[in-house]
Amino acid sequence: MAEITASMVKELREKTDAPMMECKRALSEADGDLNKAEEILRVKLGNKASKAASRVAAEGVVAIYISADGKLGSIFEINSETDFVAKNDEFLALAADCAKLVADKNPADIAALGALPRGDGTVESTRAALVGKIGENMSPRRFARVEAKGKLASYIHGGSKIGVLIDLVGGDEALAKDIAMHIAASKPKSLDASGVPAELLDTERRIAIEKAREAGKPEAMLEKIAEGTVQKYLKDVTLLSQVFVKAEDGKQTIEQLLKSKGASVGSFSLFVVGEGIEKVVTDFAAEVAAQTAAAAAAR
């Protein structure tokens, strides 16, 4: 049996927002496996134990570039320590230039992007100089480059905190904007079921089976219940199956909307600033108190 430490309990509690004793019991049951413990809590507490999956905790911006003919584009995220820096003109210019460089030069990864020329130096030397000037770290995080089957359109929301790049085949500019806005609001994981990672479906299936078992459902029904849960999950997280946020009847799916307009989505990219990053939140008062105590002890 693995030793369950206070730091493990604290980490699980911060990820799930579950009560401390529930976290400790889940970790014990999972023999110290944090991911398994999170699954156990989801079985017991439902989606209240999924806080970490949707929490966004870093600053920065998303920048998008689309060529004049709408056939080539990119989406790019760069992070900063504070929102103050994310509004700095030089920081924003760097983000915009990086998005264009991604489209034009097609770098293999962030390191390759950093080596590309910018001004009198490179993207990386520009970033380093800006860090020295502002006094705060900033780091390019990810990008996607798209060669369109149709025509590219974009949507930026919340002061460049959410960015969507969509390849719409057919349709018109208004339809592209509507679907891009829908993606920003509903945050689908993929276009259809084929794009959802198998491990996510396996997790949902396991959780559904355990919840049904704890509810006293017959063993013979568990697989059927789990399959129903997985299908509902797919409807919730795949773009084509989602109900259009502006549907007047509250029922029209994105797939139905596209069909009515003779259009289709070639692909889409959704970037939410800081998604999946945990930012250290400093309790300033506690930090000052700790420093004062340490100074007093040293005297």
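Asks: When you look at the pattern of salt bridges in this model, what are you seeing that I'm missing?
Replies: Opposite charge on two side chains permits them to pair, given that their charged atoms come into close proximity. Scanning all chains against the criterion turns up 19 salt bridges. Close ionic contact of glutamate 275 with arginine 142 constitutes a salt bridge, the shortest N to O distance being 3.9 Å. Separated by 133 residues along the polypeptide, glutamate 275 in the loop between strand 8 (264-272) and helix 13 (284-298) and arginine 142 in strand 5 (residues 138-147) bring together distant segments of the chain. Its relative accessible area of 34% is what places glutamate 275 among the partly exposed residues. Classification of arginine 142 as partly exposed rests on a relative accessible area of 21%. Look at the salt bridges and you will find they share partners, linking Glu59, Asp83, Lys87 and Lys161 into a network.

Asks: Just checking my understanding: could you explain helix 2 (residues 20-29) for this structure?
Replies: Along an α-helix, a turn takes 3.6 residues, which lines up residues three or four apart on a common side. Buried within helix 2 we find Cys23, Ala26 and Leu27. In a view along the axis of helix 2, the buried residues occupy a sector of 100°, so they form one face of it. The secondary structure elements touched by the buried residues of helix 2 are helix 1 (6-16) and helix 3 (34-45). Where helix 2 ends, the next residue or the one after it, aspartate 31, has phi of about 55°, a positive value.

Asks: Got a minute to help me understand the packing of aromatic side chains in this structure?
Replies: Given two aromatic rings, one states the distance between the centres and the angle between the planes to describe the pair. Applying the stated criterion across every chain yields a total of 0 aromatic pairs. A cation over a ring is seen here: arginine 142 above phenylalanine 271, with NZ or CZ 4.2 Å from the ring centre.

Asks: Is there a simple way to think about the nonpolar core in this case?
Replies: Grouped burial of nonpolar side chains is what soluble globular proteins tend to show. Among the nonpolar cores identified, the biggest contains 24 residues, and Ile166, Leu168, Ile179, Ile183 and Leu258 are the most heavily contacted of them. Elements with a minimum of two residues in this core: strand 6 (151-157), strand 7 (162-169), helix 9 (173-186), helix 12 (254-260) and strand 8. Of all the elements, helix 9 adds the most residues to this core, at 6 residues. Residues within four places of leucine 258 in sequence aside, it is in contact with Leu168, Leu175, Ile179, Leu240, Ala263, Ser264 and Val265.

Asks: What is the right way to look at the side chain of threonine 253 in this model?
Replies: Mapped onto the fold, threonine 253 is located in the loop between helix 11 (219-237) and helix 12. Here threonine 253 falls in the buried class, since its relative accessible area comes to 15%. Sequence-distant contacts of threonine 253, that is, excluding residues within four places in its chain, are made with Leu240, Ser241, Gln242, Val243 and Phe244.

Asks: I would appreciate a short explanation of helix 3 in the present structure.
Replies: Its 12 residues give helix 3 an end-to-end C-alpha distance of 16 Å, which sits within 8% of 16 Å, the value for a rise of 1.5 Å per residue. Listed as buried for helix 3 are Ala37, Glu38, Glu39, Ile40, Leu41, Arg42 and Val43. Tucked inside the fold, the buried residues of helix 3 contact helix 1, helix 2 and helix 10 (198-214). Capping of helix 3 at its N-terminal end is provided by aspartate 33; its side-chain oxygen lies 3.0 Å from the backbone amide nitrogen of asparagine 35.

Definitions and cut-offs
Residues numbered from 1 in each chain as written. Predicted model: local features only at pLDDT ≥ 70, side-chain atom pairs only at ≥ 80, totals over all residues. Heavy atoms only, no water. Salt bridge = Lys/Arg side-chain N within 4 Å of Asp/Glu carboxyl O. Helix = DSSP H or I, 4+ residues; strand = E, 2+ residues; numbered from the N terminus. Buried < 20%, exposed > 50% of the residue type's maximum accessible area, 1.4 Å probe, protein only. Arc of directions from axis to C-beta. Contact = heavy atoms within 4.5 Å. Phe/Tyr/Trp six-rings, centres within 6.5 Å; stacked < 30°, edge-to-face > 60°. Lys NZ or Arg CZ within 6 Å of the ring centre and 35° of its normal. Core = buried A, V, L, I, M, F, W, Y, C linked by side-chain atoms within 4.5 Å. Expected span 1.5 Å × (residues − 1). Polar contact = N/O pair within 3.5 Å; in protein donor to acceptor, adjacent residues only side chain to side chain.

These figures capture arrangement, not role.
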